[in-house]
Amino acid sequence: MFKVSYFMEVLPVIASKVNVTFELTIAATIFALLVGVVIAVIGYYKVPVLSQLTRVYVSVMRGTPVVAQLYFFYYGIALYSNFVKNMTPLVAVAVVMSLNMGAFMSESIRGALLSVDEGQKEAAYSLGMTNLQLVVRIIIPQAVRIALPPLFNDVINLIKMTSLAFMIGVPDIMGAAKIEGAKTFRYFEIYAAVMLIYWIIVFILGIVHKFLEKKCASMY
Amino acid sequence: MMEKEKQLVKIEHLYKEFDSDTKVLKDINLTINKNEVIAILGPSGTGKSTLLRCLNYLTEPTSGVISISDVTVDAAHHTKKEILELRKHSSMVFQSYNLFKNKTALENVMEALTQVQKKPKAEAEKIALELLGKVGMLERKDFYPSKLSGGQQQRVGIARALAVNPNVLLFDEPTSALDPELVGEVLNTIKKLAEEGTTMILVTHEVGFAREVATRVLFMDGGQIAADGTPEEIIDHPENPRIRQFLNFVNRK
């Protein structure tokens, strides 16, 4: 049966690996945002050739499982690229997470850019504003407000995605659980602890997300 | 020489084709003097708005030359810089207001003052407050557009257009999107400007209003200026059967 004392004992052991989860999430968020912004801007301005390429890229990233992407990158591409072969698992996971989530984020960002109506752009032009002034002063402030809630949701998804890191040997929460499991075979308590830790993190961020959503909606 | 000085807007051989089958403007030639209030009337789809939008290159003409004050832009070889200059000589009031949603009424009016004219903030604010007072929106200066009615938004739109101190003010059906009970407040604002001698070009469906404020009326039909005259000539005593037909139709509505 569920042993509370063991659960309480294993919980801090597993939770001690939470720093790996946060490191991965923060790194992946930054680079995914970069990837997302670049792809979104290419799509927004319909840059020839590049916009077609990014569309295929986004479709592949969204249409295939992350695990497959991770294995393809870490084991597949490593066969032909020393650069990838020499990567530590942690870096490799961060790269795949960024590339994957960047595709999702690009859609949120592109949608937000498109949400600024043509009329406001015409108004800016009619007053003699330059394209740069229009983008910096009118489009971006409005797009940020639209994009922020879905982007934050993507960050929450990144946290859960970090659990994949363990599949190529990164000693994160899942890795610690595996080690504990090999010692005690008390998988019931161990994975209950794992889920509780993820759930608490996501729950707290979920509250922030709600707040952000409300704040953004009522800003103007 | 006197005549030349009064001349503010000049349009020469202006054509606009969206493709070879849709010729929206066909050889428009027009001179507008300072202090004139021009109303452009005509059935839908005859190029009224397109003509207005060509004046600030929101719509790029296919060919023709447009001059406002000392800026001349030839569609055949125009630069970005020329268009920017041209736009600084006019400003536009839109059918759907098009206020900047992330800015308050006051910030909307200040935007071009600080960004385009590079005025210091305090001076821009002073001008903006004055103009908001003029359009009766001073009390709501800190409201975002989403918290204003259509008529209020349009009055802010007018203040924003006035802020850049344009040579000519362009109105693109400024009351068409408004509920009937809100049309009056906007028309009154425009009327006030007309009385002050602001040079304006109005594309409108409000024939009665055009009759009242315009000093000159253009009737457009099929991408051309079919009639050009005083409100009395065009609205009260129309000779052109197309105008009579149009006026009858509008009056019956």
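Bear in mind the structure is a predicted one, so any value in this text is a computation, not a measurement.

Topic: helix H6 (residues 150-163) of chain B
For the α-helix, the turn length of 3.6 residues means that residues three or four positions removed from each other point alike. Residues and elements named next belong to chain B. For H6, which comprises 14 residues, the first-to-last C-alpha distance of 20 Å matches the rise-based estimate of 20 Å (1.5 Å per residue) to within 8%. Among the 14 residues of H6, 14 are classified as buried, and the element is accordingly described as predominantly covered. Directly beyond the C-terminal end of H6, a positive phi value near 50° is found at Asn165.

Thoughts on the environment of A:Ile109
All names here are of chain A. Structurally, Ile109 is set in helix H6 (residues 89-114). Put simply, Ile109 and Ala147 are 38 residues apart on the chain and 5.7 Å apart in space, counted from C-alpha to C-alpha. Beyond its immediate stretch of four places on either side in the chain, Ile109 contacts Leu33, Gly36, Val37, Ala40 and Leu151.

Some points on the pattern of salt bridges
Residue and element names in this part refer to chain B. Under the counting rule described, the total for this entry stands at 20 salt bridges over all chains. A salt bridge links Glu111 to Lys103; the shortest N-O distance between them is 3.6 Å. Per residue, the accessibility class of Glu111 equals that of Lys103, and both read buried. As a salt-bridge pair, Arg211 and Asp236 come within 2.9 Å of each other at their nearest N and O atoms. One end of the pair, Arg211, is in helix H8 (residues 207-213); the other, Asp236, is in helix H9 (residues 231-236), and 25 residues separate them in sequence. Overall, Arg211 belongs to the partly exposed group, its relative accessible area being 27%. Residue Asp236 is classed as partly exposed on the basis of its relative accessible area, which comes to 36%.

What counts, and at which threshold
- Residues numbered from 1 in each chain as written.
- Chains lettered and ligands numbered in written order.
- Predicted model: local features only at pLDDT ≥ 70, side-chain atom pairs only at ≥ 80, totals over all residues.
- Heavy atoms only, no water.
- Helix = DSSP H or I, 4+ residues; strand = E, 2+ residues; numbered from the N terminus.
- Expected span 1.5 Å × (residues − 1).
- Buried < 20%, exposed > 50% of the residue type's maximum accessible area, 1.4 Å probe, protein only.
- Contact = heavy atoms within 4.5 Å.
- Salt bridge = Lys/Arg side-chain N within 4 Å of Asp/Glu carboxyl O.

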